[in-house]
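# Understanding the architecture of this molecule
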Amino acid sequence: MATYDGKKALIVDDFPTARRLIKETLQEIGFECLEAADVDQALKLFNEEEVDFVIADTFMPEKNGFDLLRTLRENPENEELDIVLTMMEDHEELVSKGEELGMTGHILKPFDVFSLSKYLDQMHKKEE
């Protein structure tokens, strides 16, 4: 299991419990974590902090994970940023939309520290 010491993750989910669980999982593998309850808060934090990784829920009220993804990818400086969307189900339409908008990958909820760490390791191996 790789460690991500010194890396900063931005967790975006409208459910506090989901954010807490993701935060605990990411902290176990070395990430420092920032949390946002919605897209607007996430964009504010993103612009204030240096973020290495974004994990966002696909479905949130008002603006959703796709809106965040679209906004972040509009800036060419974010081209290499890892952005993962979380989903409750592996719907082909959702995955296709995310890929079209430039998501790095997706992961199904619920997940544990081992499965998320393994996923991140696989994601980074593809990039090498």
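Below you will find a few notes about this structure. Everything numeric in this text was worked out from a predicted model, so none of it was measured. Residue positions are counted from 1 within each chain, in the order its sequence is given. Where local features are concerned, this predicted model is filtered to residues with pLDDT of at least 70; where side-chain atom pairs are given and counted, the filter is 80 or more; whole-chain, interface and lining totals use all residues. Side-chain descriptors were evaluated using all non-hydrogen atoms of the structure, hydrogens and water having been removed beforehand.

### Here's the deal with the packing of aromatic side chains
Put simply, two rings from Phe, Tyr or Trp (the six-membered ring, in Trp's case) pair if the centres are within 6.5 Å, and we call them stacked under 30 degrees between planes, edge-to-face over 60, tilted for the rest. What the rule picks out here adds up to two aromatic pairs. With centroids separated by 4.9 Å and ring planes inclined at 10°, the aromatic side chains of Y4 and F31 adopt a geometry described as stacked. Remark: F31 occurs in the loop between helix 1 (16–28) and strand 2 (32–36) and Y4 occurs in the segment before strand 1 (8–12); sequence separation between them is 27 residues. Each residue gets one of three labels from its accessible area relative to the maximum for its type: buried under 20%, exposed over 50%, partly exposed in between, using a 1.4 Å probe on protein chains only. Note on F31: relative accessible area 6%, which makes it buried. Labels follow the DSSP assignment, with helices taken as runs of H or I lasting at least four residues and strands as runs of E lasting at least two, numbered in each case from the N terminus.

### With respect to the side chain of R73
With respect to the element layout, R73 can be found in helix 3 (residues 65–73). One buried charged residue, R73, remains without a salt bridge, the closest side chain of opposite sign being D82 at 6.2 Å. At 2.9 Å, the side chain of R73 and the backbone oxygen of L81 are in polar contact. Not counting chain neighbours up to four residues away, the residues in contact with R73 comprise N78, E79, L81, I83, L101, G102, M103 and T104. We score Asp and Glu as negative and Lys and Arg as positive, and we do not count His or the chain ends. Counted as salt bridges are all cases of a side-chain nitrogen of Lys or Arg within 4 Å of a carboxyl oxygen of Asp or Glu. Counting of polar contacts relies on pairs of N or O atoms within 3.5 Å, with two restrictions inside protein: one atom must be capable of donating a hydrogen and the other of accepting it, and residues adjacent in sequence are counted only when both atoms are side-chain atoms. Two residues form a contact once any of their heavy atoms are found within 4.5 Å.

### Some details on the pattern of salt bridges
Evaluated as defined, the whole model comprises ten salt bridges. Between E49 and K8 there is a salt bridge; the shortest N-O distance is 2.8 Å. Of the two residues, E49 sits in the loop between helix 2 (39–48) and strand 3 (53–57) while K8 sits in strand 1, which places them 41 residues apart along the sequence. Under the relative-accessibility criterion, K8 is labelled buried at 14%. Notably, a salt bridge pairs E48 with K44, separated by 2.6 Å at the nearest N-O pair. Taken together, the residues span about one helical turn, with E48 and K44 both in helix 2 at a distance of four residues. Overall, K44 belongs to the exposed group, its relative accessible area being 52%. Because the salt bridges share partners, they merge into one network encompassing K8, E32 and E49.

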